[in-house]
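Residue-level structure breakdown
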Amino acid sequence: MNNNEISIKIGNLLDEVRNKKPLVHNITNYVTVNDCANILLAIGASPIMADDIKEAADITKISSALVINIGTLNERTIESMIVSGKKANELNMPVVFDPVGAGASEFRNATTKRILDEVKISVLRGNMSEIKFISGLESSTKGVDASESDVKTGSDEGIDVAKNLSNKLNCTVAITGATDIVSDGERVAILENGTKMLSNVTGTGCMTTSLIGAFCGAGSDYFLGAVSGITSMGIAGEIAFEKAGQIGTGSFHIAIIDAISNLTSEVIKNMAKATEI
Amino acid sequence: MNNNEISIKIGNLLDEVRNKKPLVHNITNYVTVNDCANILLAIGASPIMADDIKEAADITKISSALVINIGTLNERTIESMIVSGKKANELNMPVVFDPVGAGASEFRNATTKRILDEVKISVLRGNMSEIKFISGLESSTKGVDASESDVKTGSDEGIDVAKNLSNKLNCTVAITGATDIVSDGERVAILENGTKMLSNVTGTGCMTTSLIGAFCGAGSDYFLGAVSGITSMGIAGEIAFEKAGQIGTGSFHIAIIDAISNLTSEVIKNMAKATEI
Amino acid sequence: MNNNEISIKIGNLLDEVRNKKPLVHNITNYVTVNDCANILLAIGASPIMADDIKEAADITKISSALVINIGTLNERTIESMIVSGKKANELNMPVVFDPVGAGASEFRNATTKRILDEVKISVLRGNMSEIKFISGLESSTKGVDASESDVKTGSDEGIDVAKNLSNKLNCTVAITGATDIVSDGERVAILENGTKMLSNVTGTGCMTTSLIGAFCGAGSDYFLGAVSGITSMGIAGEIAFEKAGQIGTGSFHIAIIDAISNLTSEVIKNMAKATEI
């Protein structure tokens, strides 16, 4: 598959999102939750945030995808994540998991392990520090952002990390960074859209994860869903940088959401830098 | 009362908000809470968010209006909603209730019922799916957004729904949608400001509810408070659409808050499309 | 020390923040948390938000500064504030405390007292109502914003309040308002940057507190850290007002974050209005 073929597939899946308006259930953190809701509306999906154990499964039941994000993990919502995850599994609904800060505390590590043990994940998306930690490899997490020593995502080592973890967990693994890698164990995609400035706005990772939820909720190929979510955010970052990069990170932040709301399959075909290897 | 008379009343009430700077206590969701606080500041009110049972009633006591919003309902804050609601009732302070997602889960349904049973509500604001659900009518809620089949708010049927529920609950009922309907059982207002784009930004409903809180906190006619909050948001939506509709949903979102902060009684007189029938 | 000397010191400390990228642990409210994270990224620091008792101390341990903000206080996170505060004390890490709404409820009062009793605070930042309340003086708190009768921060009385409380608590006390006062008991700085419009956006106080956390995390003089955080926000407010003050409070809000992301030691040297007396 060459670059062009993937781009067409991503564009088609975007059209599906816009047609189907999948309801995406997010159990997520309170730092970036507003951006996650707005980016889902911008891509054409419908967001719902619900994290109380008394309704989590009910809300999952009416949704098309579940996004679990442990950015501001707390004991109250862990059970909701598990219960919703199991409900989604029962319904064959995609579950996208963002292990924010895995490696940064015992609590996050144990919770990440528990979620991976008890819920069948469709797409795991993290930065290189988080993914290496989950892989049992040496990583040097510094809070919720990837360590600079961990971010060489484009290397052969990065590809191996993604592929091996994908086989181990039997899910699509997406590592985002300067270059992004997505693997479902067999297929590997290298994605090169984006801009360094994306790391100067909080929640661009969380938003990417929610976008993956939207794409997975509109199609059945979750590898393509991950590729599409990441590529959409990368392209939006480039467009936003062009428009607002010189103005500052506040305007850049808003321009990202603008760009997603204006994204078309045509723009994707022209701008996507996705390669399957 | 013709259109012009209502517009003058709304404009006068806006001036009251700006003069009195009512403190509005919000027990609300963590998705749109920042926008609710900023929209209250923009209209000239003062926001306070406090949801712990140990201070909820104390904070209500120093406020001029209470806004209850169940967008991210959880067990911890339900008791605070009830206790604050009762305190507000005791003090004859207006209570505005936004039953976000009523119909979407048993938990939301039961909580909505409990709040309506235990607290005397001044204004109930929801979309057509939520209001129909509360009325015991057939509705087809899809998450937190109104179903397309439910949104014919301008019809005679919509007017009946608002009027009947208003009489049943003895409060002002506001149904927002393409056309908005407000009724206090006797009076009915049809509001036609706004733009479809408002549904592409999360929290425009929540912000409207908080604005109603500001207007009700500055005057004693809660029917007029509801009409004013909804008309203000509708006009802001039109101004924002004119300025930023072509740029994207991120910029449109910011332009809504800009427009509310620039709103004057003059602008309202020129732009309001409110009719009492 | 004249104005120019302080400005150079602030500029140098900004360069340190940009070089060291201190990880700042925030246990804060859900209203303004996104802005706090984004302002920390904009100044060049790295934010982490974690409030569960099971990881609070672990996250503090890997951080360079701790920020405690009681804006939406709840029972669950108070223990985390205490535990993280004690851990930071143990590690000689700076703790910045924002007693949002102290005076507004018994619960906030008791919690403020408990934090001050059990944690050694490095910088206490509040508005005049909050600081007067903590000082045991007559204050007239109205919610989370300073009462107009309390805001004469530039007066000799204000200087005495800051100095006395600083000596009593053995920490730097910063009172923000039209004029800001910072004292560590011996030194007193009067800061005159800023614009009235900052009070029309929620969270500018919280963002200032988080900025102080970033500066304190990059240097060892916490008096200078407080002066630097407040001056940075004041200058950003002036730049934002120049750019977007006429557009509205939404655009002004975004322009504040833009201005912080563009802030340089050169800009500080040119614009700072800081005097040590």
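On a predicted model such as this, the values are computed, not experimentally measured, just so you know. (Residues numbered from 1 in each chain as written. Chains lettered and ligands numbered in written order. Predicted model: local features only at pLDDT ≥ 70, side-chain atom pairs only at ≥ 80, totals over all residues. Heavy atoms only, no water.)

1. A few points about the UniProt feature "binding site: substrate" (unreviewed entry) in chain A
UniProt records the feature "binding site: substrate" (unreviewed entry) at A:Met49 and A:Gly203, using the numbering of this structure. Residue placement: A:Met49 occurs in strand β2 (residues 46-49). Note on A:Met49: relative accessible area 5%, which makes it buried. Excluding anything up to four places from it in sequence, A:Met49 contacts A:Asn26, A:Val33, A:Cys36, A:Ala37, B:Val31, B:Gly71, B:Thr72 and B:Arg108. Residue position: A:Gly203 is located in the loop between β8 (188-191) and α8 (204-218). The exposure class assigned to A:Gly203 is buried, which follows from its relative accessible area of 9%. (UniProt positions renumbered as here; feature names shortened; annotations may be inferred. Helix = DSSP H or I, 4+ residues; strand = E, 2+ residues; numbered from the N terminus. Buried < 20%, exposed > 50% of the residue type's maximum accessible area, 1.4 Å probe, protein only. Contact = heavy atoms within 4.5 Å.)

2. Topic: the interface of chain C and chain B
Of the residues lining the interface, 30 residues belong to chain C; the matching set on chain B comes to 30 residues. Put simply, chain C and chain B have two salt bridges between them. Measuring nitrogen to oxygen at the nearest pair gives 3.2 Å for the salt bridge that ties B:Lys54 to C:Glu75. Where chain C packs against chain B, one counts 12 residue pairs in polar contact (both at pLDDT 80 or more). Counting only elements with at least two residues in the side of chain C that touches chain B, the list comes to α5 (106-118) and α10 (249-262) of chain C. Of all the elements, α10(C) adds the most residues to the side of chain C that touches chain B, at five residues. Class assignment of the residues belonging to the side of chain C that touches chain B gives a composition of nine nonpolar, 14 polar and seven charged. (Salt bridge = Lys/Arg side-chain N within 4 Å of Asp/Glu carboxyl O. Polar contact = N/O pair within 3.5 Å; in protein donor to acceptor, adjacent residues only side chain to side chain. Nonpolar A, V, L, I, M, F, W, Y, C, P; charged D, E, K, R; others polar.)

3. Quick look at the packing of helix α9 (residues 222-244) of chain C against α10(C)
For any two helices packed against each other, the geometry is given by the interaxial angle and the distance between the axes. Residues and elements named next belong to chain C. One way to put it is that α9 packs onto α10 with a least axis distance of 8 Å and a crossing angle of 130°. In terms of orientation, α9 lies oblique with respect to α10. Between α9 and α10 lies a crossing of right-handed hand. When α9 is examined against α10, the residues Ser232, Met233, Ala236, Gly237, Ile239, Ala240, Phe241 and Ala244 are found in contact with a partner set consisting of Ser251, Phe252, Ala255, Ile256, Ala259 and Ile260. Among the residues making up the contact of α9 with α10, the classes are represented as 11 nonpolar, three polar and no charged. (Axes fitted to C-alpha atoms, helices over the stretch in contact; angles between N-to-C directions. Parallel < 35°, antiparallel > 145°, perpendicular 65-115°, else oblique. Left-handed = near helix turned anticlockwise from the far one by under 90°.)

4. Section: the interface of chain A and chain C
With 30 residues of chain A in contact, the opposing surface of chain C contributes 30 residues. Together, the buried faces of chain A and chain C total about 2,400 Å²; carbon and sulfur atoms form 51% of this surface. For the interface between chain A and chain C, the tally reads 12 residue pairs in polar contact (both at pLDDT 80 or more). Elements with a contribution of two residues or more to the side of chain A that touches chain C: α5 (106-118) and α10 (249-262) of chain A. The greatest single-element share of the side of chain A that touches chain C, amounting to five residues, is contributed by α10(A). Broken down by class, the residue content of the side of chain A that touches chain C amounts to nine nonpolar, 14 polar and seven charged. (Buried area = accessible area lost by both parts, 1.4 Å probe.)

5. What to know about the sheet that holds strand β3 (residues 65-69) of chain A
Residues and elements named next belong to chain A. Read from one edge to the other, the open sheet built from nine strands follows the order β2-β1-β3-β4-β5-β6-β7-β8-β9, with strand pairing classed as mixed. For this open sheet the edge positions go to β2 and β9 (274-276), each flanked by a neighbour on one side alone. Adjacent strand axes in the sheet meet at a mean angle of 20°, parallel and antiparallel pairs treated alike. As paired elements, β8 and β9 share three bridges and run antiparallel to each other. Paired with Leu191 across the strands is Ala274, a residue of β9. Across the face of the sheet, helix α4 (residues 75-90) comes into contact with β1 (23-27), β3 and β4 (95-98) while running at roughly 155° to β3. (Pairing = 2+ DSSP bridges.)

6. A look at the relation of the copies chain C and chain B
Note on the identical chains: chain C maps onto chain B by a rotation of 120° and an axial translation of 0.0 Å, with an RMSD of 0.0 Å. As the rotation angle and translation indicate, the two copies are arranged about a three-fold axis. For chain C, the minimum C-alpha distance to the rotation axis belongs to C:Tyr30 and amounts to 3.6 Å. Here only 7% of the contact residues of chain C are again contact residues in chain B; the copies associate through non-equivalent surfaces. (Least-squares fit on C-alpha atoms with pLDDT ≥ 70 in both.)

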